[in-house]
Protein chains: 2
Amino acid sequence: MKLEKAAAQLEALGNPTRLNIYRLLVRAGDEGLPVGRIQEKLDIPASTLSHHCKRLIETGLVTQERQATTLICRANYPAMQGLIGYLADECCADATCSPVAKESVA
Amino acid sequence: MKLEKAAAQLEALGNPTRLNIYRLLVRAGDEGLPVGRIQEKLDIPASTLSHHCKRLIETGLVTQERQATTLICRANYPAMQGLIGYLADECCADATCSPVAKESVA
DNA sequence: ATCGAATTTCGATAATTGTCGAAATTCGAT
DNA sequence: ATCGAATTTCGACAATTATCGAAATTCGAT
């Protein structure tokens with residue numbers, strides 16, 4: 001993974017609201033979560049939420065699928081996997097860090 | 001780990017310059033790298049670099065040790081380990097994500 | 001072809017972050 | 001106690017990001 005991309009994903013997750021959104025999506029699993037549902041849970045204005053979702057989507061960490069007027073958001077696991085792998089590979093060269101995610105992830 | 005702390009660390013790494021600094025430190029290993037050395041490698045003004053280092057230090061991802069007038073920076077591996085663990089645990093509940101770093105990191 | 005629900009886009013403002021030179025600090029050596 | 005080297009702190013400005021209401025869009029149902 002390119003450093004710029006990793007940084008963009010890290011930055012996307014590096015906002016408490018967005019990290020919360022992402023965690024919600026992970027917990028929702030394959031089913032995903034409609035935007036409106038996220039809004040209820042986090043109690044933030046629709047436009048603000050939409051902005052944060054957009055940011056997560058732009059970096060590839062989240063995907064959106066339309067079901068009628070409802071937009072379903074889902075955590076994009078392979079993207080997170082890639083990010084964790086990057087951190088483990090590029091940013092954790094020491095033995096004290098879990099020697100995982102180098103080649104064993106597949 | 002608390003969400004707020006994880007977000008702070010992710011945000012710290014979510015800047016290309018800081019991610020670069022961090023990677024440099026990882027590659028430098030236990031020996032660490034003096035601030036001036038980082039500056040040479042990245043070619044950025046001292047005050048700007050100092051600001052970024054400070055941010056990394058504040059989140060616990062980097063430590064600093066004084067050797068005379070020189071300040072040596074080091075990547076704090078346990079912190080990164082904790083962050084990777086958080087991502088794997090809290091943000092990667094699916095089987096497609098490496099089932100690592102849950103308990104096996106020790 | 002209209003309506004209402006779900007969501008985004010727009011636009012404006014507030015808040016935070018990044019950048020950098022100048023001045024201040026720290027500390028060993030003289 | 002002064003000097004020079006390494007680095008930080010300060011202060012100012014630029015750039016980016018966050019927030020939110022209002023208006024626009026999308027789409028199924030009527």
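In the block above lies the structure referred to throughout.
Residues numbered from 1 in each chain as written. Chains lettered and ligands numbered in written order. Predicted model: local features only at pLDDT ≥ 70, side-chain atom pairs only at ≥ 80, totals over all residues. Heavy atoms only, no water.

**Regarding the pattern of salt bridges**
All names here are of chain A.
And then number 1: All told, the structure shown has eight salt bridges over all chains when counted by the stated rule.
And then number 2: The shortest N-O distance in the salt bridge between Glu40 and Arg37 comes to 3.7 Å. Here Arg37 and Glu40 lie together in helix α3 (residues 35-42), a separation of three residues that amounts to about one turn. (Salt bridge = Lys/Arg side-chain N within 4 Å of Asp/Glu carboxyl O. Helix = DSSP H or I, 4+ residues; strand = E, 2+ residues; numbered from the N terminus.)

**With respect to the protein's contact with DNA strand D**
And then number 1: Close to DNA strand D lie 22 residues, the nearest being A:His52, A:Arg55, B:Gly36, B:Gln64 and B:Leu71.
And then number 2: Counted by atom, the contact set of DNA strand D within 4 Å of the protein is 69% sugar and phosphate.
And then number 3: Measuring from a phosphate oxygen of DNA strand D, one finds a side-chain N or O atom of A:Asn15 at 3.2 Å.
And then number 4: Take A:Ser47: an N or O atom from its side chain is 3.0 Å from a base nitrogen of DNA strand D.
And then number 5: Residue assignment for the surface near DNA strand D shows that the elements contributing at least two residues are α4 (46-58) of chain A together with α3 (35-42), α4 (46-58) and β3 (70-75) of chain B.
And then number 6: Broken down by element, the residue count for the surface near DNA strand D peaks at five residues, all from α4(A).
And then number 7: In terms of residue class, the surface near DNA strand D is built from six nonpolar, twelve polar and four charged. (Near = heavy atom within 4 Å. Polar contact = N/O pair within 3.5 Å; in protein donor to acceptor, adjacent residues only side chain to side chain. Nonpolar A, V, L, I, M, F, W, Y, C, P; charged D, E, K, R; others polar.)

**Details of the protein's contact with DNA strand C**
And then number 1: Around DNA strand C, the surrounding shell holds 22 residues, and the nearest of these are A:Gly36, A:Gln64, A:Leu71, B:His52 and B:Arg55.
And then number 2: Backbone atoms, meaning sugar and phosphate, make up 67% of the atoms of DNA strand C lying within 4 Å of the protein.
And then number 3: Within the side chain of B:Glu11, one N or O atom sits 3.1 Å away from a phosphate oxygen of DNA strand C.
And then number 4: Contact distances for DNA strand C include 3.0 Å between a base nitrogen and a side-chain N or O atom of B:Ser47.
And then number 5: Residue assignment for the surface near DNA strand C shows that the elements contributing at least two residues are α3, α4 and β3 (70-75) of chain A together with α4 of chain B.
And then number 6: Per-element tally for the surface near DNA strand C: the top contributor is α4(B), with five residues.

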